[in-house]
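What the coordinates show
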Amino acid sequence: MNPDTTVDLTHNQQSKRIRVTAVDSAGHRYPIQYKKLDKNKIRILNLDSIKLRVNVMAKAKAKDQPWYPYLQGATRFLMMVRNVSVSYRNTYAMSLPGFLPNVGDMLGQRMGGSMQPGLDFAFGFTGDSYIDKANERGWLLNNDSISTPATTNAMEDLQIKATLEPIPDLKIDLSASRTVNSNKSIQYMYAGMPTTQSGSFTMTTISIKSAFESRGDASNGYSSKTFSRFQQYLNTFQQRVEARYANAVYPEATGLHGKFDPANGTVDKYSSDVMIPAFLAAYTGGSNIKSPLDIFPSLARMLPNWSVSYKGLVYLPWIRDHFKSVTLNHSYKSVYSIGAYNTYSSWMEYMGGLGFIQNTTDNSIIPSSMYDISSVSINEAFAPLAGLDMTLNNNMTFKVEYRKTRVLTLSMTAAQLNEACSNDFVVGWGYKINDFKFSSIFGGKRKKAAGNNGGGIKTSSTANNRNASRSTTNKKTNSRVISHDLNLRFDFSFRNQDAITRNIQTSLSEATSGNKAIKASFSADYTMSRYVTFSLYYDRQRNQPLLSSNSYPTITQDFGFSLRFSLTR
């Protein structure tokens, strides 16, 4: 070693996993410092005047260690997120009739004193508060004879998608969404600026906990544990909603004074404020004590749906020898939606979205939110619940799927729940025959190529030139030949669907519709030429109704052929 420079040492161990030790001339261990340059060389960083014996030994490779597969699997699991995308859209539009000032001097503004209607309006940085601003400054026509209201439209859309690969060939696609549409009509020309609101709402959720529970049959009155739990939840949720008004003071417009008294009118058990939270809790597996009371669930309750595919079976020995690809599929989607809602015209606000309305039956004042919602729904689909796609080595394809769908519609006006379910079993087969010749069906044979002269072989230069010319001609001809492909397809499906209506007040459940359908279809497409394709098809479907009083069994058959001409090149 030298006191003024480092030393490069070549050890030729072909590894960066090394153990380096050093001893001096007396045999004592020397604390050595070094840097790895490559697999065969290190640099000793000690600056010292001494002679050393350096021993470099290669350690065992990491992949040969017993812990390596576990570490590799754990690392891959932690890195399973392959892609994440987030999309958020927020749109807002306002229409404000009765605006008095002229506009247009510059940037759409009138420059007299203050800018009218203002740069905030011109560039879209406004909200509903702009109507108050314009009204206070005298920019709006306040005349009872002109009652065209101001309208606003707002939309928020959030889309989140992610792709996971926890193990090789296993792909999981996650997706979550939430969309809120809100439309307001504001009568600014009247005192208090009466406002009505309408809109819609959709959000992904998970209702799988109740998806496979028994729905009963005719023998037990279509009994359902989930529906019974939903009915039991109504009492608890009514009490929870009523507790929010414990210290509420009646607004002056109600004509009542003092704090809220249930004797004057309490929360309706079958109102949307009670039934919707109880419905979500019962059918999504929530608790009647801790589940939120929101009609429009917050972002925290937005749950992802998924789609799963696995292609790793193709690596098994027998499957690898007979199949090109084997894919297992599974998909789940559940969406909670409010198709349309409005606001009560008689609603009087108390605080933070809570208020009172007048009961149209007995004119009592009852606590209620401002939203008048007639129905909500949960649309759930396993498409498929389990599926298998296979492709053989000869390009023949097979497809087997089992699908399950459920639509739950809760009606507040009729106080009933409608369950529409379907179960589908699908089998598909496909095969493509390249350059199919109809003559092969009748035992036709291909003509042998001429020019072999009874099996003799010509070796003269003239024969070689003739063969070369024939080969060139054949290549030019074959380049224009269209492959006469024959595509065959057969599909078979069995569907069992039914609908059950459940009365929430009387607990009566009855089947209202249903059908069993068996469908088989076959099609064949044949490419006759570059411009003409011939198709042959046959479909047969048999329908067996669940209730003979509504309809009768039917069989439908459809068959024929078609010629498709393409005049484009």
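Here's what I pulled together on the structure shown here. (Residues numbered from 1 in each chain as written. Predicted model: local features only at pLDDT ≥ 70, side-chain atom pairs only at ≥ 80, totals over all residues. Heavy atoms only, no water.)

1. Some thoughts on the overall build of the chain
Applied cut-off: The helix count covers DSSP runs of H or I at least four residues long, the strand count covers runs of E at least two residues long, and both are numbered beginning at the N terminus. Computation of the radius of gyration draws on C-alpha atoms alone. For the globule rule, the value is 2.2 Å times the number of residues to the power 0.38. Burial classes: relative accessible area under 20% of the type maximum marks a residue as buried, over 50% as exposed, and values in between as partly exposed (1.4 Å probe, protein chains only). The contact criterion used throughout is that any non-hydrogen atoms of two residues lie within 4.5 Å. Each accessible area value is a Shrake-Rupley result obtained with a 1.4 Å probe; residue values ignore everything except the protein chains displayed when judging cover. Positive charges come from Lys and Arg alone, negative charges from Asp and Glu alone, with His and the N- and C-terminal ends not counted. Where a charge lies is defined by one atom per residue type: Lys uses NZ, Arg uses CZ, Asp uses CG and Glu uses CD.
Counting its secondary structure elements, the chain contains seven helices and 22 strands. The C-alpha atoms of the chain give 38 Å as radius of gyration, which overshoots the globular expectation for 569 residues (25 Å, by more than 25%). Projected onto its principal axes, the C-alpha positions of the chain cover 115 × 95 × 70 Å. The buried share among the 569 residues of the chain stands at 31%. Pairs at least 24 residues apart make up 67% of the contacts formed inside the chain by residues separated by at least 6 positions. For the chain, the computed accessible surface area is about 34400 Å², with 53% contributed by carbon and sulfur atoms. Of the charged side chains in the chain, 64 are positive and 42 negative, and the gap between their average positions amounts to 18 Å.

2. Overview of the nonpolar core
As a reminder, the rule being used: Take the buried residues of types Ala, Val, Leu, Ile, Met, Phe, Trp, Tyr and Cys, join any two whose side-chain atoms come within 4.5 Å, and each joined set is a nonpolar core.
Ranked by size, the top nonpolar core spans 41 residues in total, and within it F230, F279, Y283, Y336, V376 and L410 carry the most contacts. Residue assignment for this core shows that the elements contributing at least two residues are β9 (195-204), α4 (225-243), α5 (272-284), β11 (323-343), β13 (354-358), β16 (375-392) and β17 (397-411). Residues in contact with L410, not counting those within four places in the same chain, are F230, M275, I276, F279, S374, S375, V376, Q416, L417 and I504. Grouped together as the second largest cluster of nonpolar side chains are 12 residues, M94, I131, L140 and M189 included.

3. What to know about unusual backbone geometry
Leave glycine aside and you will find that most residues have negative phi; peptide bonds, for their part, are mostly trans. Residue P384 is reached from A383 by a cis peptide bond, and omega for that bond is 5°. With respect to the helices and strands, the residue P384 is situated in strand β16. With phi around 55°, Q14 is a residue other than glycine that occupies positive phi space. Within the secondary structure layout, Q14 lies in the loop between β1 (7-10) and β2 (18-24). Of note in the backbone geometry, Y222 takes a positive phi value of approximately 55° without being a glycine.

4. Topic: the layout of surface pockets
Selection rule: Whether a set of points on the 1 Å grid over the protein atoms alone is a cavity depends on a 1.4 Å probe fitting there but being unable to get out, while an open set qualifies as a pocket with protein on both sides within 12 Å along at least five of seven lines; lining residues are those with an atom within 4 Å of a point. Grid points are joined across faces, edges and corners, and a volume is the space filled by probe spheres set on the points. Only Asp, Glu, Lys and Arg are considered charged in this grouping, and only Ala, Val, Leu, Ile, Met, Phe, Trp, Tyr, Cys and Pro are considered nonpolar; every other residue, Gly among them, is considered polar.
Its boundaries defined by the atoms lining it, the largest pocket holds a volume of some 480 Å³. Lining the largest pocket are 23 residues, and of these D268, S271, Y344, I357 and D372 lie nearest its centre. Counting only elements with at least two residues in the lining of the largest pocket, the list comes to α5, β13, β14 (365-368) and β15 (371-373). Among the residues forming the lining of the largest pocket, the class breakdown is 10 nonpolar, 10 polar and three charged.

5. What to know about the sheet that holds β1
Note the threshold: If DSSP finds at least two bridges between two strands, the strands pair. Note on definitions: angles span 0 to 180 degrees between N-to-C directions of axes, and those axes are lines fitted to C-alpha atoms, for helices only across the stretch in contact.
The antiparallel open sheet is built from three strands, whose spatial order is β1-β4-β3. Only two strands of the sheet have a single neighbouring strand rather than two, namely β1 and β3 (34-36). Averaged over all neighbouring strand pairs, the angle between strand axes comes to 25°, with direction disregarded. Bridging between β3 and strand β4 (residues 41-44) involves three bridges; their strand directions are antiparallel. If you follow Y34 over to β4, its bridge partner there is I44.

6. What about a positive patch on the surface?
Note the following rule: A patch is a set of surface residues, each over 30% in relative accessible area and not in a salt bridge, joined within 9 Å for like charges and within 5 Å for the nonpolar side chains Val, Leu, Ile, Met, Phe, Trp and Tyr. Any Lys or Arg side-chain nitrogen found within 4 Å of a carboxyl oxygen on Asp or Glu counts as a salt bridge.
There is a patch of like positive charges on the surface, built from K16, R17, R19, R29, K36, K39, K59, K61 and K63. Within the element layout of this structure, K36 appears in strand β3. A residue is classified by how much of its surface remains accessible, and K36, at 39% relative accessible area, is partly exposed.

7. Examining α5
To keep it simple, the criterion reads: Here the expected length of a helix is defined as 1.5 Å per residue gap, with one fewer gap than residues.
Across its 13 residues, α5 extends 17 Å between first and last C-alpha, which sits within 8% of the 18 Å expected from 1.5 Å per residue. Of all the residues in α5, the buried ones are S272, D273, V274, M275, I276, P277, A278, F279, L280, A281, A282 and Y283. Once α5 ends, the next one or two residues include G285, with phi positive near 85°.

8. As for the packing of aromatic side chains
Defined as follows: What counts as a ring pair is set by centres within 6.5 Å for rings of Phe, Tyr and Trp (its six-membered ring), and what kind of pair is set by the plane angle: stacked under 30 degrees, edge-to-face over 60, tilted for all other angles. Think of it as a cone above the ring: NZ of Lys or CZ of Arg counts as a charge over the ring if it is within 6 Å of the ring centre and within 35 degrees of the ring normal.
For the structure shown, the criterion picks out 24 aromatic pairs. With 5.4 Å between their ring centres and 45° between their planes, F279 and Y283 make a pair best called tilted. One end of the pair is F279 and the other is Y283, both in helix α5 and four residues apart, which spans about a single turn. Here the aromatic residues F201, F296, Y336, Y341 and Y371 are joined through ring pairs into a cluster of three or more. Directly above the ring of F227 sits R502, whose terminal nitrogen or CZ lies 5.7 Å from the centroid.

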